[in-house]
Amino acid sequence: MPSRAEDEKRRAAEAAAELVQDRTTVGLGTGSTVAHLLPALAERKLTLRCVATSPRTETRARELGIVVEPFEALERLDIAIDGADQVAPDGWLVKGGGGAHTREKIVAAAAERFVVIADSSKPVDAIDSPVPLELHPFGMRATLQALGDVRLRDWPPSPDGGVIADYEGEVGDPAALAERFAAIPGIVEHGLFPAALVSDVVIARGDEVERLAF
Ligand code: A5P
């Protein structure tokens, strides 16, 4: 029997799949919540052009008959749907638990509408660490020194060759921390997603699905 969290992920994902319109371009996120989105989308049998944020998502989507194109082929996306590790009340997110946040942020930023899907464990009062990071391997010791409180994940590199790590220090104001990260050149991308990127958050709590518009 699926756990309550799995059930909530499925409910949120199914509600988001209903937001996708026929003959549109769609960004597919990564993670265990998106794993429920893919069959729900495939079942709708729409004509879509999709891009995937990870090889995992790409493989699974293709298995389900969803057309996935390289992102080099599309300029803009009508909609992107993805999970999150933390969702703050003001719409800021932490993403990258699956290490795919660089591609996820590129896809979210290219989408007219970015929809976040989440189970009830994801809303938080305030964004906290860990914040996932993708680091450039060149000069990594210098980058780690500049970052301070960071732990490297014992993971293979990202599909783009980046080293996946987690910032474990103080977060405070996420906008200020995002600026600090942006000023460290060895950080390829960080997992703080500003509220300005987010259009909708679909959260399942038990049988209820709540949709917040930003
Ligand atoms: C992948 O890199 C992440 O950003 C995921 O979207 C995030 O970690 C949420 O994952 P789950 O849906 O598995 O909780």
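Note: the structure precedes this text.
Conventions adopted
Residues numbered from 1 in each chain as written. Predicted model: local features only at pLDDT ≥ 70, side-chain atom pairs only at ≥ 80, totals over all residues. Heavy atoms only, no water. Pairing = 2+ DSSP bridges. Helix = DSSP H or I, 4+ residues; strand = E, 2+ residues; numbered from the N terminus. Axes fitted to C-alpha atoms, helices over the stretch in contact; angles between N-to-C directions. Salt bridge = Lys/Arg side-chain N within 4 Å of Asp/Glu carboxyl O. Buried < 20%, exposed > 50% of the residue type's maximum accessible area, 1.4 Å probe, protein only. Left-handed = near helix turned anticlockwise from the far one by under 90°. Contact = heavy atoms within 4.5 Å. Nonpolar A, V, L, I, M, F, W, Y, C, P; charged D, E, K, R; others polar.

So, on to the sheet that holds strand E10 (residues 187-190). Spatially, the 4 strands line up as an open sheet ordered E8-E9-E7-E10, and their pairing is antiparallel. One side of each edge strand has no neighbouring strand; the edge strands of this open sheet are strand E8 (150-152) and E10. Geometrically, the sheet is characterised by an average inter-axis angle of 30° between neighbouring strands, direction not taken into account.

On to the pattern of salt bridges. Under the definition given, this model contains 21 salt bridges. Of the charged contacts, one joins glutamate 8 and arginine 4 as a salt bridge, the two residues approaching to 3.2 Å between their closest N and O atoms. Taken as a pair, glutamate 8 and arginine 4 lie in helix H1 (residues 4-17) at a separation of 4 residues, close to a single helical turn. Residue class for arginine 4 comes out exposed when judged on its relative accessible area of 57%. A salt bridge links aspartate 160 to arginine 103, with the shortest nitrogen-to-oxygen separation between them at 2.9 Å. Highlighted residues: aspartate 160 in the loop between E8 and strand E9 (163-167) and arginine 103 in helix H4 (residues 101-110), separated in sequence by 57 residues. Since its relative accessible area comes to 48%, aspartate 160 is described here as partly exposed. Each of Asp7, Arg10, Arg11, Glu14 and Asp207 takes part in a single network of salt bridges with overlapping partners.

Moving on: the packing of H1 against helix H2 (residues 34-44). Orientation of H1 relative to H2, taken along the N-to-C sense of each, is 40°, at an axis distance of 8 Å. In the crossing of H1 with H2, the sense of the turn from one axis to the other is right-handed. Side by side, H1 and H2 meet where Glu6, Lys9, Arg10, Ala13, Glu14 and Ala17 of the first sit next to His36, Leu37, Ala40, Leu41 and Arg44 of the second. The class makeup of the residues in the contact of H1 with H2 is 5 nonpolar, 1 polar and 5 charged.

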